[in-house]
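Here is how the chains run, residue by residue.
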Amino acid sequence: MSCDKYSSAWYPFFELIKKYWPQHPQLIILSTETKSYTHDGLNIQCSNTSPTTQWSDRLIQALSLIQTKYVVFSLEDFFLQAPVKHEIVIQCYEYMERNPMVAQCRFKNCDNSEQISKLTNSVMPDFYSASSDVIYRLDTQIALWKTDWLRDFVVTNENPWQFETIGTQRIKYTEAQFIWYHSKEKPTDTAKLLFPYQMALSSGYGISMGHWLWNNKKLFLRNGLIVDFSELGIISRFQVNYNLFVNRAIYQKDPRLIYRFFSIVYRMVRKIYNFFVF
């Protein structure tokens, strides 16, 4: 899933797919609004709608083009940094074939083991069951889905955040099972992960707040990729932390952060006043 605004991410995303996951699915559906795209060596079919079509409606249309039982879902800024462990992907597929109620095998590493429970009698020691109480049980991380299950979970007129928050509540009582990857490796040891990508804001990879995060440039140069950052611009770690701070303090009305925010402003004003007065 993508959008016209983030079209500059398509080239590095697909180049890294080619490099680090050569066994990737042969047909790729790129969902966006109006733009078309081709990539050397890849079979990409664009699913276009209109600039005003809501995110979930575009996903529904893209899924209508899928003729296979399974689909790998991803967003456009999950940039691979090392080879995918394809043998584990195959194990996931085989496990889902044996267990018809498993709707999803999520490849993003789950950092919080308290949200999940160990699978019993499983040949996949790094996969756990996500209970119905897990926050963001329905999410947009890279995962292998049974196509029909994913179709059932998507409703019209939702943005990605509503899909994850409202959607998680919507499927709370589903009989479907969600299997999540949970590695004992450190989350920062990216190369050892099943799908080696980082999406946490603190990592500095991907796109957030409408801008490239600060570490993408190093990743692309390391892989010999020339990418135009001018359209979206690059946001620094300081700018990200500042925006998050202001959002929590002002918009979410966190009283501790509101106090801290105005304390900082007060100290700055005092310093400026003292500088000019004395």
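What you are looking at is a predicted structure, and each value in this text was computed from that prediction instead of being measured.

**Student:** Explanation requested: the pairing of strand β6 (residues 127-130) in the structure shown.
**Tutor:** A regular strand places its side chains on the two faces of the sheet in alternate fashion. Where strand β5 (residues 116-118) and β6 come together, three bridges link them in antiparallel fashion. When the bridges of β6 are listed, Lys-118 appears paired with Tyr-128. As paired strands, β6 and strand β8 (residues 177-181) are joined by four bridges and run antiparallel to one another. When the bridges of β8 are listed, Phe-127 appears paired with Tyr-181.

**Student:** Any chance you could explain the pattern of salt bridges here in plain terms?
**Tutor:** Between side chains of opposite charge, pairing is possible as soon as their charged atoms come close. Within the structure shown, the criterion is met by seven salt bridges. Between Asp-133 and Lys-172 there is a salt bridge, with the nearest N and O atoms lying 2.7 Å from each other. Here Asp-133, found in the loop between β6 and β7 (143-146), pairs with Lys-172, found in the loop between α5 (160-170) and β8; they are 39 residues apart in sequence, far enough to count as distant. Given the relative accessible area of 58%, Asp-133 is considered exposed. Residue Glu-158 pairs with Arg-170 through a salt bridge whose shortest N-O separation is 2.7 Å. One end of the pair, Glu-158, is in the loop between α4 (147-153) and α5; the other, Arg-170, is in helix α5, and 12 residues separate them in sequence. Overall, the relative accessible area of 33% leaves Arg-170 in the partly exposed class.

**Student:** Is there a simple way to think about the nonpolar core in this case?
**Tutor:** The nonpolar side chains of soluble globular proteins are, as a tendency, buried together. Within the largest apolar cluster, 76 residues are counted, with the highest numbers of intra-cluster contacts made by Phe-127, Trp-145 and Phe-195. Looking at which element gives the most residues to this core, the answer is helix α1 (residues 10-20), with six residues. Every residue in contact with Phe-127, bar those within four places of it in the chain, is listed here: Ile-88, Cys-92, Cys-105, Arg-106, Leu-119, Ile-179, Trp-180, Tyr-181 and Leu-194.

Cut-offs applied
Residues numbered from 1 in each chain as written. Predicted model: local features only at pLDDT ≥ 70, side-chain atom pairs only at ≥ 80, totals over all residues. Heavy atoms only, no water. Pairing = 2+ DSSP bridges. Helix = DSSP H or I, 4+ residues; strand = E, 2+ residues; numbered from the N terminus. Salt bridge = Lys/Arg side-chain N within 4 Å of Asp/Glu carboxyl O. Buried < 20%, exposed > 50% of the residue type's maximum accessible area, 1.4 Å probe, protein only. Core = buried A, V, L, I, M, F, W, Y, C linked by side-chain atoms within 4.5 Å. Contact = heavy atoms within 4.5 Å.

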